[in-house]
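So the chains spell out like this:
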Amino acid sequence: MTAIKLWHDFSDQDGETSGRVVEELCDRFSATTGCRIGVEALDMAELQDRLSSARSPGSMADMALIPSDMVSLYDAAKLSPLDRETQTSLGSALQPDMSIDGKLYGVPILRGNHLVVFTNRDCFPPPIPTTWEHYEDARARLARIGAKPLGTQIREAFWFYPFLAAAGGSLLDSTGSPALGGIECRNALQMMLGAVLDGTLAGYTSVKSMLNDFIAGKLGAIVCGEWLTDHLVHQLGERLTVAPLPLVDGQPMVSLTSTLGVVYPNESLSGPHREHLLDFTRFLLGLTAQELWITMVGRWPVNQEAIARNIDSLNSASRTVIELRDRAVPMPVNTRMFDIWTAVAIGLERLYCGSVDSEMAASTMQVAAEQAVGSRSAAHRRNFGSHRNEGES
């Protein structure tokens, strides 16, 4: 029996239930084709690490299910590009979300991957909170029952972005260079830190701990990813409501969003499993497989017919989460993005350890991003020069 290896980052340790869908899809495909899919769930850091260093065919996955921005690892991971003939053979109009430098490296399967606010109806009865002031005003009331208004991942760059957007900032400037050293980033950092100090915001470094406190009623609301909707619906039932990211002084907090799709590391589409990989990809794009994402865990597949056929059967929380994706902005697919994320995380760590203030944290982010981008560019030039010399010899 042919076996192909698939990696994904749907770890059930933090309440993520999407891994059940992956397992079900792989079992169904194996039962009908005789091709076994070996699945391994990794956390995001390990997945990135493994993809960042292409290895021998026996140790690298044949496929990986990743967010679209991770396509920026195409060179290190030796991702197989999908030429026009391959795209046509998949029999579906593929979205360009997983393209970089003019080449398509992945096949989108899911949409979403954005942040929303989950609220506990016991703490925030209707109407749902829509402004930052709503959470500030709830401090004293919730303190009497031992709760805080809002929880978030305080040292995660992805969770920081909404604060940066509300302050008018961005990760990259118009030239694609890091844009973290300005007044907007400093203001965003100061707002986050001030909200932690005044008790409006509870900062966490573990998603699991934040979820547990939210479910236990110690938090009135949490900023969290749409991928946890299914888990929270099962835990809180009708007490769970979904709110948009709040307005801050009239300016909206905005989440990033990305597609999730399959890629083919270590040039696996040039290997012996090519046809099995493409068959499995066609299976994932099929209506039955696409519907399974929405019926099992309430996630948003790329197939619009799958959504239309099932949207009315979703619970209200899942429907709202899907609708709120329209307020998010696409994640940049840029080779500099991982350097940006790493730099932001360094600045956040130093800020909340108390070693720097918000101004120095922003400066730290900018300097770290510029140094990393510069090092990556120099390495790329060295590699390009060596390849060119090999071709000339």
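Note: the structure precedes this text.
What comes next concerns the included structure. (Residues numbered from 1 in each chain as written. Predicted model: local features only at pLDDT ≥ 70, side-chain atom pairs only at ≥ 80, totals over all residues. Heavy atoms only, no water.)

Describing the pairing of strand E3 (residues 63–67)
Point 1. Of all five residues making up E3, five are buried, and the element is well covered by its neighbours.
Point 2. Relative to strand E15 (residues 260–263), E3 is paired through four bridges, and the arrangement is antiparallel. Bridging across to E15, Leu 65 finds its partner in Val 262. (Buried < 20%, exposed > 50% of the residue type's maximum accessible area, 1.4 Å probe, protein only. Helix = DSSP H or I, 4+ residues; strand = E, 2+ residues; numbered from the N terminus. Pairing = 2+ DSSP bridges.)

Remarks on the sheet that holds strand E16 (residues 300–301)
Point 1. The mixed open sheet is built from six strands, whose spatial order is E2-E1-E3-E15-E6-E16. Two strands close off the open sheet at either side, each with one partner strand: strand E2 (36–41) and E16.
Point 2. Pairing of strand E6 (residues 106–111) with E15, which is carried by four bridges, proceeds in the antiparallel orientation. Note that in E15 the partner of Pro 108 across the bridge is Gly 261.
Point 3. Sheet strands in contact with helix H1 (residues 18–33) are strand E1 (3–8), E2 and E3, and its direction is about 165° off that of E2.
Point 4. Docked against the sheet, helix H2 (residues 44–51) engages E1, E2 and E3, running at close to 125° with respect to E3. (Contact = heavy atoms within 4.5 Å. Axes fitted to C-alpha atoms, helices over the stretch in contact; angles between N-to-C directions.)

Quick look at the nonpolar core
Point 1. In this structure, Phe 118, Phe 160 and Leu 171 are the most contacted members of the largest nonpolar core, which totals 76 residues.
Point 2. Examining the composition of this core, we find that nine residues originate from one element, helix H7 (residues 157–166), more than from any other.
Point 3. When sequence neighbours within four positions are dropped, the list of residues in contact with Phe 118 reads Phe 214, Gly 220, Ala 221, Ile 222, Cys 224, Gly 225, Thr 229, Leu 232, Leu 240, Thr 241, Val 242 and Val 321.
Point 4. In this structure, Leu 51, Val 107, Leu 260 and Leu 285 belong to the second largest nonpolar core, which totals 51 residues. (Core = buried A, V, L, I, M, F, W, Y, C linked by side-chain atoms within 4.5 Å.)

Observations regarding the packing of helix H8 (residues 183–197) against helix H15 (residues 337–353)
Point 1. Their axes nearest at 11 Å, the elements H8 and H15 cross at an angle of 40°. For the pair H8 and H15, the crossing hand works out as right-handed. Counting all contacts with H8, which are made through Leu 189, Met 192, Leu 193 and Val 196, the residues of H15 involved are Leu 348, Leu 351 and Tyr 352.
Point 2. Across the contact of H8 with H15, the residue classes tally to seven nonpolar, no polar and no charged. (Left-handed = near helix turned anticlockwise from the far one by under 90°. Nonpolar A, V, L, I, M, F, W, Y, C, P; charged D, E, K, R; others polar.)

Some words on the pattern of salt bridges
Point 1. Per the counting criterion, the structure on display carries 13 salt bridges.
Point 2. Between Asp 198 and Arg 139 there is a salt bridge; the shortest N-O distance is 3.5 Å. With Asp 198 in the loop between H8 and strand E9 (201–204) and Arg 139 in helix H6 (residues 139–143), this residue pair connects regions lying 59 residues apart in the sequence.
Point 3. For Arg 139, a relative accessible area of 30% gives the class partly exposed.
Point 4. Arg 282 serves as the salt-bridge partner of Asp 279, at 2.7 Å between the closest nitrogen and oxygen. Placement of both Asp 279 and Arg 282 in helix H11 (residues 274–285) is noted, with a separation of three residues, approximately one turn of the helix.
Point 5. Arg 282 sits in the partly exposed class, given a relative accessible area of 28%. (Salt bridge = Lys/Arg side-chain N within 4 Å of Asp/Glu carboxyl O.)

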